[in-house]
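Working through the structure, step by step
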Amino acid sequence: MATVVLKPGKERRLRAGHAWVYAGEVAKITGTVADGDAVAVRDAKGRPLGRGLLNRQSQIVVRRYTSGGEDFDEAWLRERIRAAESYRLAVYGGEVTSYRLVFGESDLVPGLVVDRYGDCLVMQALTLGVERRKREVLAILEREFGPRAIVERSDVHTRELEGLQPVKGVVAGRLDGPVEIECAGLRWEVDLLEDQKTGFFLDQRDNYRCVAAWAAGRRVLDCFSYHGGFGLVTAAAGAKSVELVEISESAVARARRNAERNGLLGRVEFVCANAFDVLKQWDKERKRYELIVLDPPSFTRTKDRVGEAVRGYKEINLRALKMLEAGGLLATFTCSHHVGWALFEAIVRDAAADARRTVRLVQRLTQARDHPVALGIEETEYLRGLLLQVMA
Ligand code: SAH
């Protein structure tokens, strides 16, 4: 097997539990090998660091899948996918039927994502290593789960970094339009081919419950509401009123259908507008709420634009904090990888100071447990939220 030998000192990240080797850390590659193949990794003194999949076209040249010596073959893949399934069963006890089944590095299959939506599966091949093994992956998924359909949603911009084109389509079975799934006690329409991510914000499942627990009797504002997520679960949990603000017309139309599907149509109001403008305007008009949710899209994908993102988060959090009654709650999120806990908390702390509100932290929120964080790989943690209560 070909071996990737690291420069002196460059083994530290792998030793600390990370899985990636960057191009600049490689001293040499011995043996002939094609991109996508498995390679052994060794430090500068020749000590073994495990095995990974190679792609010299990417800045991340190796993604380690084992610190031992196993092959990345069909048996390995099947074993990892089975283990991934039993972890989800252990976490959700079988009553949850839509969840992330495989979460890449966190399940020791770097580059592979598989989501289960009832009897359908959606897969993403995010790296060349997985792209090359798609046939094996699909065969295992068909055999292990017997899905009605498998959809590929490899239409993500990060594939470019691997030298790959975006791909999407039904790759096994049949799909006749959107599916219906169950999540957080409600039913949702999901278009597995067109909706954001692989179809649904499965990563917010646990947070829907946490936020809904505070909703009864409160006036709720859900900003960046997409297909209704937080707004509808709070309405179902007995909120006094719910307003959803979302910029995309098609997302609002879907949220309306989801409300109808759950008998909540009369209990929620939809506003199709820019949440920045709405918050500014309604703050001026002195509208007041007892629970506000802010779940915006990532304001930055790159490190050099964090400054702009910070201003965006600061503005919406400031306005929301001003609009809450004493005792009111703010559930505020960031899914920008480059905005870590410390920075996010500092932004919200500054917003509270500027709004002259005294705020306490009820709970930190993160991605649902079917998207586990690999402790050594900080990139696997991307969703951060704060559930706050305005004291005065
Ligand atoms: N909370 C949702 C997910 C939100 S995704 C859920 O649980 O399902 C972010 C949403 O913000 C997207 O639907 C996007 O269309 C919307 N969005 C982006 N910019 C916006 C803006 N300036 N104002 C309002 N909505 C916006």
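This one's a predicted model, so the numbers in the text were calculated from it and none came from an experiment.

**Thoughts on unusual backbone geometry**
Residues other than glycine predominantly adopt negative phi, and peptide bonds predominantly adopt the trans conformation. Not every positive phi belongs to a glycine, and L108 is a case in point at roughly 60°. One can find L108 in the loop between β7 (98-103) and β8 (112-117). Although it is not a glycine, F224 adopts a positive phi angle of roughly 65°. Within the secondary structure, F224 sits in the loop between β14 (219-223) and α6 (229-236).

**Observations regarding the sheet that holds strand β19 (residues 359-366)**
Reading across from one edge, β16-β15-β14-β17-β18-β20-β19 is the order of the 7 strands in this open sheet, with mixed pairing throughout. Only two strands of the sheet have a single neighbouring strand rather than two, namely β16 (268-272) and β19. Shown here is a sheet whose adjacent strand axes are inclined to one another by a mean of 15°, direction ignored. Looking at chain direction, β19 and strand β20 (residues 384-390) are connected through 7 bridges and run antiparallel. Following the sheet pairing, R364 is matched in β20 by L386. Along the sheet, helix α9 (residues 306-323) contacts β14, β17 (289-294), β18 (324-334), β19 and β20; its crossing angle with β18, the most-contacted strand, is approximately 160°.

**Some remarks on the pattern of salt bridges**
The full count for this structure, using the stated rule, is 37 salt bridges. A salt bridge links E189 to R257, with the shortest nitrogen-to-oxygen separation between them at 3.0 Å. With E189 in strand β13 (residues 186-190) and R257 in helix α7 (residues 249-261), this residue pair connects regions lying 68 residues apart in the sequence. A relative accessible area of 10% places E189 in the buried class. Accessibility expressed as a relative area gives 37% for R257, which makes it partly exposed. Here E325 makes a salt bridge to R219, at a shortest N to O gap of 3.2 Å. With E325 in strand β18 and R219 in strand β14, this pair connects stretches of sequence that are 106 residues apart.

**Some thoughts on the domain arrangement of the chain**
In terms of domains, the chain is made up of domain 1 (3-66), domain 2 (74-180) and domain 3 (201-390). Taking the mean C-alpha position of each, domain 2 and domain 3 sit 28 Å from one another. When domain 2 packs against domain 3, close to 1300 Å² is buried across both sides, 60% of that on carbon and sulfur atoms. In this assembly, domain 2 and domain 3 are joined by 1 salt bridge. E180 is the salt-bridge partner of R261, the closest N and O atoms lying 2.6 Å from each other. Going through the elements one at a time, α2 (74-92), β7 and β8 are the ones with two or more residues in the side of domain 2 that touches domain 3. Of the residues that constitute the side of domain 2 that touches domain 3, the class distribution is 7 nonpolar, 3 polar and 5 charged.

Parameters and conventions
- Residues numbered from 1 in each chain as written.
- Predicted model: local features only at pLDDT ≥ 70, side-chain atom pairs only at ≥ 80, totals over all residues.
- Heavy atoms only, no water.
- Helix = DSSP H or I, 4+ residues; strand = E, 2+ residues; numbered from the N terminus.
- Pairing = 2+ DSSP bridges.
- Axes fitted to C-alpha atoms, helices over the stretch in contact; angles between N-to-C directions.
- Contact = heavy atoms within 4.5 Å.
- Salt bridge = Lys/Arg side-chain N within 4 Å of Asp/Glu carboxyl O.
- Buried < 20%, exposed > 50% of the residue type's maximum accessible area, 1.4 Å probe, protein only.
- Domains from an automatic or database assignment.
- Buried area = accessible area lost by both parts, 1.4 Å probe.
- Nonpolar A, V, L, I, M, F, W, Y, C, P; charged D, E, K, R; others polar.

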